[in-house]
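For reference, the chains in residue letters:
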Amino acid sequence: MPKILVTGALGQIGTELCAALRLIHGQEQVIASDIRILNDTPFAIRPYVQLDVLDKIALHALILKEKITEVYHLAATLSATGEKHPLKAWELNMQGLFNVLDIAKTDKLKIFWPSSIAVFGPTGNKAFSQQHSVTAPTTAYGISKVAGELWCKYYHEQYGVDVRSIRYPGLISHTAPPGGGTTDYAVDIFHQALKHRHYTCFLKPHTTLPMMYMPDAIRATLQLMSAPADKVKIRIGYNVHALSFSPEQLAQEIGKHLPSLKIYYKPDDRQVIADSWPTSVDDHHARQDWHWQHEFELDTMVADMLKNLKQLVQHI
Ligand code: NAD
Ligand code: AKB
């Protein structure tokens, strides 16, 4: 039975990934950790340890103390925040990964490390970025993801570290808020639509990006991690695709449930980041190698998001 450590566990993905891992392996087998200090840790988050992934000694001590065998290393700075503080993003995204990979090498740990569609840049195949399309990003975040992918492959090939990775698209979820990305609008719009029936989007109406509903992202992660090692033929991030839509298309779909919704557009710096990313990716390797298949389409994702959020939002 694996003993699992999740870093960055209080974030958008970690919150749901910890819950899914605990359902499979048991509550005590999954240690959630994050840099944030929790004074009163809710049961769902326990066991929880406050940990800065840049503190390699503390990270290693925790891994030894808890006899950890697998790490899901999620702690990172995302694209929009990364453009505000590029060198800080580089330090967290790279040094945090090096700390994890280096300990994995000596302690024979299995690692999951998320990459992103941000590995692609404006000179790539924008309409349909293939697994091995050119990766020449223009953001600090994207540069850290390309470098991180190559280091994962290096640690696999040179030291035999079983490290696996997915290039997530923009993720949509209702449990924890997104943490400073360019695709955050696709979550914010639901909250504002339910509370105020209007939303001002920071991207232009026709900005199409690859997106995925969180249950699909969690399933992809668990599927990749449980695949036999010889089926994991790619040791950089796997392309995985589910949906491609623009703010206008998302607003139209939400409008079918909330007809009085009004959407306004006020593009900001994040437009430049979005314009550099692909509109869709080719994920046939993931489908072939470990049978990846998405379940949620735009209409089923929107209906499920609204159903879940309506239970949380008052005055609707
Ligand atoms: P998030 O910003 O919601 O969560 C990141 C967590 O890391 C936060 O809870 C934060 O407190 C924690 N953290 C920050 N600095 C830390 C440190 N020094 N030590 C320990 N924890 C620290 O991010 P997320 O959306 O959950 O993303 C997780 C991973 O998935 C990241 O690598 C991100 O690049 C990747 N990813 C996310 C998306 C998405 O749409 N959410 C898409 C592609 C890739
Ligand atoms: C972001 O917008 O930064 C993330 C991502 C696609 O990596 N959601």
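Residues numbered from 1 in each chain as written. Chains lettered and ligands numbered in written order. Predicted model: local features only at pLDDT ≥ 70, side-chain atom pairs only at ≥ 80, totals over all residues. Heavy atoms only, no water.

Chemist: Help me out: how do you make sense of the sheet that holds strand β3 (residues 48-50) in this one?
Modeler: Strand pairing within a sheet occurs via backbone hydrogen bonds; the two strands may be parallel or antiparallel. Strand order in the open sheet made by the six strands is β3-β2-β1-β4-β5-β7, with parallel pairing throughout. Strand pairing shows two members of the sheet lacking a second neighbour, β3 and β7 (162-164), which therefore form its edges. Put simply, the sheet's adjacent strands are angled 20° from each other on average, direction ignored. As judged from the three bridges shared by strand β2 (residues 30-34) and β3, these two strands associate in the parallel manner. Across the sheet, the residue bridging to Ala32 is Tyr48, located in β3. Contacts from helix α1 (residues 12-25) reach β1 (4-7), β2 and β4 (70-73) within the one sheet, and its direction differs from that of β2 by about 165°. With respect to the sheet, helix α7 (residues 214-226) is in contact with β4, β5 (110-112) and β7, its orientation differing from that of β5 by roughly 155°. (Pairing = 2+ DSSP bridges. Helix = DSSP H or I, 4+ residues; strand = E, 2+ residues; numbered from the N terminus. Axes fitted to C-alpha atoms, helices over the stretch in contact; angles between N-to-C directions. Contact = heavy atoms within 4.5 Å.)

Chemist: Whenever I open this one, the site of ligand 2 confuses me. Can you help?
Modeler: Near ligand 2 the following residues occur: Leu78, Ser79, Ser116, Ile117, Tyr141, Gly170, Gly181, Thr182, Thr183 and Trp277. Between ligand 2 and Thr182 there is a distance of 2.7 Å, counted from an oxygen atom to a backbone nitrogen or oxygen. In the model, a nitrogen atom of ligand 2 is placed 2.8 Å from a nitrogen or oxygen of the Thr183 side chain. For ligand 2, whose accessible area on its own is 250 Å², the fraction buried by protein is 94%. Residues lining the shell around ligand 2 come from more than one domain, with at least three contributed by each of domain 1 (4-124 + 135-171 + 213-239) and domain 2 (174-210 + 242-314). (Near = heavy atom within 4 Å. Polar contact = N/O pair within 3.5 Å; in protein donor to acceptor, adjacent residues only side chain to side chain. Areas by Shrake-Rupley, 256 points an atom, 1.4 Å probe, with all protein chains shown as cover. Domains from an automatic or database assignment.)

Chemist: Just checking my understanding: could you explain the site of ligand 1 for this structure?
Modeler: The full set close to ligand 1 counts 26 residues, and Gln12, Asp34, Arg36, Asp52 and Tyr141 are the nearest of them. Side-chain polar atom of Asp34 to an oxygen atom of ligand 1: 2.6 Å apart, as the coordinates give it. Here Tyr141 contributes a side-chain N or O atom positioned 2.6 Å from an oxygen atom of ligand 1. Protein burial of ligand 1: of its 830 Å² of free accessible surface, 92% is covered by the chains. Put simply, the parts of the chain that give the shell around ligand 1 at least two residues each are α1, β6 (115-116), α5 (140-159) and β9 (170-172).

Chemist: Is there a simple way to explain a nonpolar patch on the surface in this structure?
Modeler: A contiguous nonpolar surface patch, about 280 Å² in accessible area, is contributed by Trp151, Tyr154 and Tyr159. Within the secondary structure layout, Tyr154 lies in helix α5. (Patch = residues over 30% accessible without salt bridge, like charges linked within 9 Å, V, L, I, M, F, W, Y side chains within 5 Å. Salt bridge = Lys/Arg side-chain N within 4 Å of Asp/Glu carboxyl O.)

Chemist: What is the right way to read helix α11 (residues 298-310) from this model?
Modeler: Look at α11: 18 Å from first C-alpha to last across 13 residues, which is about the 18 Å you get at 1.5 Å a residue. Residues of α11 that are buried in the fold lie against β9, α6 (185-196), β11 (209-213), β13 (243-245) and α8 (247-255). (Expected span 1.5 Å × (residues − 1).)

Chemist: Hey, could you run me through the packing of α8 against α11 in this one?
Modeler: Contact geometry for α8 and α11: axes closest at 10 Å, N-to-C directions at 60°. The angle between α8 and α11 falls in the class oblique. For the crossing formed where α8 meets α11, the hand is right-handed. Contact residues: α8 offers Gln249, Leu250, Glu253 and Ile254, while α11 offers Leu298, Asp299, Met301, Val302 and Leu306. Residue classes in the contact of α8 with α11 are distributed as six nonpolar, one polar and two charged. (Parallel < 35°, antiparallel > 145°, perpendicular 65-115°, else oblique. Left-handed = near helix turned anticlockwise from the far one by under 90°. Nonpolar A, V, L, I, M, F, W, Y, C, P; charged D, E, K, R; others polar.)

Chemist: I would appreciate a short explanation of the domain arrangement of the protein in the present structure.
Modeler: Much of the literature gives interface size as the accessible area that the parts lose upon coming together. Segmenting the protein into domains produces domain 1 (4-124 + 135-171 + 213-239) and domain 2 (174-210 + 242-314). Taking the mean C-alpha position of each, domain 1 and domain 2 sit 23 Å from one another. The partner domain 2 presents 34 residues to the 34 residues of domain 1 that form the contact. Counting the surface lost from both domain 1 and domain 2, the interface buries some 2800 Å², and carbon and sulfur atoms represent 62% of this. Seen at the junction of domain 1 and domain 2, the total is one salt bridge. The salt bridge partner of Glu295 is Arg219, with a shortest N-O separation of 3.8 Å. In this assembly, domain 1 and domain 2 are joined by 13 residue pairs in polar contact (both at pLDDT 80 or more). Those elements giving two or more residues to the side of domain 1 that touches domain 2 turn out to be α1, α3 (79-84), β9, α7 and β12 (238-239). (Buried area = accessible area lost by both parts, 1.4 Å probe.)

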